Amino acid sequence: ALFEISYTLVTVFLLSFFLHFSLKSDWGRGGQVKWWVLFGSIFNLYSLSWLYTVYPLVWMPPGFAQLFGIGLLHVVISLSSGACFFVVGYAVTQKTKIWIMPFLIAMSFVVAEILRSYVISVLYLGNNTTIDLHFNAGTIGNALSTTPLVELAYFGGTFALTFCLTYILLVLIIFPLKKATNHIGAIVLILFLTHFLLPTNTPEKELLLGVITTDIRTPNDKELGQQFIKNNQTVTSLVLSDTTKKDILVFPEDARF
């Protein structure tokens, strides 16, 4: 929970810092593009740091070599993702009416993160994979996961949350406090309408939930194939030994059953 809260705080601070200097500066388009590519790279270095939780990988020797590989992947993905934020630099330098500016810039962040998702899926492209919006972890919108505004994800997932957060910060920077309050009030109103009026479906009857738990050791790379065969046999026996019909069965992570 503390890590989730820190993610919100760090994201809001970084975004506010870069927005403040960007909107108050007289940089040209080139300067703004560089500034926002820098933001994207720094932010993704932070937001993608969860990559290290995959250590240790069972198909690589443990130790420095594996950590170096994960670190290299971390840097490559972060820099590639950061480059997608060039669109924000273009949006900031567009001549438009002041009331349109927050909407335009907030939408540019959404476009940047859509491009980011595609870029990461290209980097992971392999057999039986597709180029699509698969990778949404570590986005700006995730910072609202610890707030009630997370409900606005109904309207576009993490991309909607990215728009919401950047829009709020933009109106606070661009407009006087009284006018900014009106914009934020409108977002809060949409949140209340979403919470109380959006229909949600619950099961018509109580569901019986079953959780399958095992104690299977992590195999080394040489016995990986055989271990998965044994795992399937173990899980199969557990499923068949349960005589009560369950509505939902929860399997062990990575059981590949």
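Up top is the structure these notes are about.
Residues numbered from 1 in each chain as written. Predicted model: local features only at pLDDT ≥ 70, side-chain atom pairs only at ≥ 80, totals over all residues. Heavy atoms only, no water.

1. Focus: the overall build of the protein chain
Secondary structure summary: the protein chain contains eight helices and two strands in total. Starting at the N terminus, the α and β elements of the protein chain follow one another as α-α-α-α-α-α-α-β-α-β. Over its C-alpha trace the protein chain gives a radius of gyration of 23 Å, far above what one expects of a compact globule, namely 18 Å for 257 residues. When its C-alpha atoms are laid out on the principal axes, the protein chain stretches across 65 × 50 × 35 Å. A burial count over the protein chain gives 33% of its 257 residues as buried. Approximately 15800 Å² of the protein chain is accessible, and the part contributed by carbon and sulfur atoms is 67%. Across the protein chain, the mean location of the 15 positive side-chain charges is 13 Å away from that of the 14 negative side-chain charges. (Helix = DSSP H or I, 4+ residues; strand = E, 2+ residues; numbered from the N terminus. Rg over C-alpha atoms; globule rule 2.2 N^0.38 Å. Buried < 20%, exposed > 50% of the residue type's maximum accessible area, 1.4 Å probe, protein only. Areas by Shrake-Rupley, 256 points an atom, 1.4 Å probe, with all protein chains shown as cover. Lys, Arg positive; Asp, Glu negative; His and termini not counted. Charge placed at Lys NZ, Arg CZ, Asp CG, Glu CD.)

2. With respect to the packing of helix α1 (residues 2-24) against helix α6 (residues 157-174)
Relative placement of two packed helices is described by the angle separating their axes and the distance separating the axes. Interaxial distance between α1 and α6 falls to 10 Å at its minimum, and their mutual angle equals 45 degrees. As judged from the angle between their axes, α1 and α6 are oblique. In this structure, α1 crosses over α6, and the sense of that crossing is right-handed. Together, T11, V12, L15, S16, L19, H20, L23 and K24 of α1 and L165, T166, L169, L170, I173 and I174 of α6 make up the contact between the two elements. When the residues that make up the contact of α1 with α6 are grouped by side-chain class, the tally is nine nonpolar, four polar and one charged. (Axes fitted to C-alpha atoms, helices over the stretch in contact; angles between N-to-C directions. Parallel < 35°, antiparallel > 145°, perpendicular 65-115°, else oblique. Left-handed = near helix turned anticlockwise from the far one by under 90°. Contact = heavy atoms within 4.5 Å. Nonpolar A, V, L, I, M, F, W, Y, C, P; charged D, E, K, R; others polar.)

3. Re the pattern of salt bridges
In this structure the tally under the stated criterion is two salt bridges. In this structure, the salt-bridge partner of D247 is K205, at a minimum N-O distance of 3.1 Å. Of this pair, D247 sits in the loop between α8 (224-241) and β2 (248-250) while K205 is found in the loop between α7 (177-197) and β1 (209-211), placing the two residues 42 residues apart along the sequence. In this structure D247 comes out as partly exposed when scored by relative accessible area, which is 40%. Among the ionic pairs, K246 bridges to D242, the shortest N-O distance being 2.6 Å. (Salt bridge = Lys/Arg side-chain N within 4 Å of Asp/Glu carboxyl O.)

4. A word on a nonpolar patch on the surface
Residues F64, F68, L72, L73, V76, L123 and Y124 make up a contiguous nonpolar surface patch of roughly 690 Å² in combined accessible area. For the nonpolar patch, the leading source of residues is helix α3 (residues 64-83), giving five residues. If you trace the backbone, L73 turns up in helix α3. (Patch = residues over 30% accessible without salt bridge, like charges linked within 9 Å, V, L, I, M, F, W, Y side chains within 5 Å.)

5. Some details on the packing of aromatic side chains
To describe a pair of aromatic rings, one takes the distance between the centres and the angle between the planes. One pass over the full model with this rule turns up 23 aromatic pairs. A centroid spacing of 5.8 Å and a plane angle of 10 degrees characterise the contact between F39 and F43, whose relative ring orientation is stacked. Taken together, the residues span about one helical turn, with F39 and F43 both in helix α2 (residues 29-47) at a distance of four residues. The residue whose ring lies beneath K179 is F175, and the NZ or CZ to ring-centre distance is 5.0 Å. (Phe/Tyr/Trp six-rings, centres within 6.5 Å; stacked < 30°, edge-to-face > 60°. Lys NZ or Arg CZ within 6 Å of the ring centre and 35° of its normal.)

6. Considerations on the environment of I140
As for its position among the elements, I140 is in the loop between α5 (101-123) and α6. With 132 residues separating them along the chain, I140 and T8 place their C-alpha atoms 8.8 Å apart. Excluding residues that lie within four positions of it along the chain, I140 makes contacts with T11, L15, F39, F43, F85, F109, E113, T162, L165 and T166.

7. Some details on the packing of α6 against α7
Close contact between α6 and α7 brings their axes to 8 Å; oriented N to C, the two are set at 160 degrees. Classified by the interaxial angle, the pair formed by α6 and α7 is roughly antiparallel. As for how α6 packs across α7, the hand of that crossing is left-handed. Judged by residue contacts, C164, Y167, I168, V171 and L172 of α6 engage A180, H183, I184 and I187 from α7. Tallied by class, residues from the contact of α6 with α7 come to eight nonpolar, one polar and no charged.

Just distances and angles here, no functional claims.
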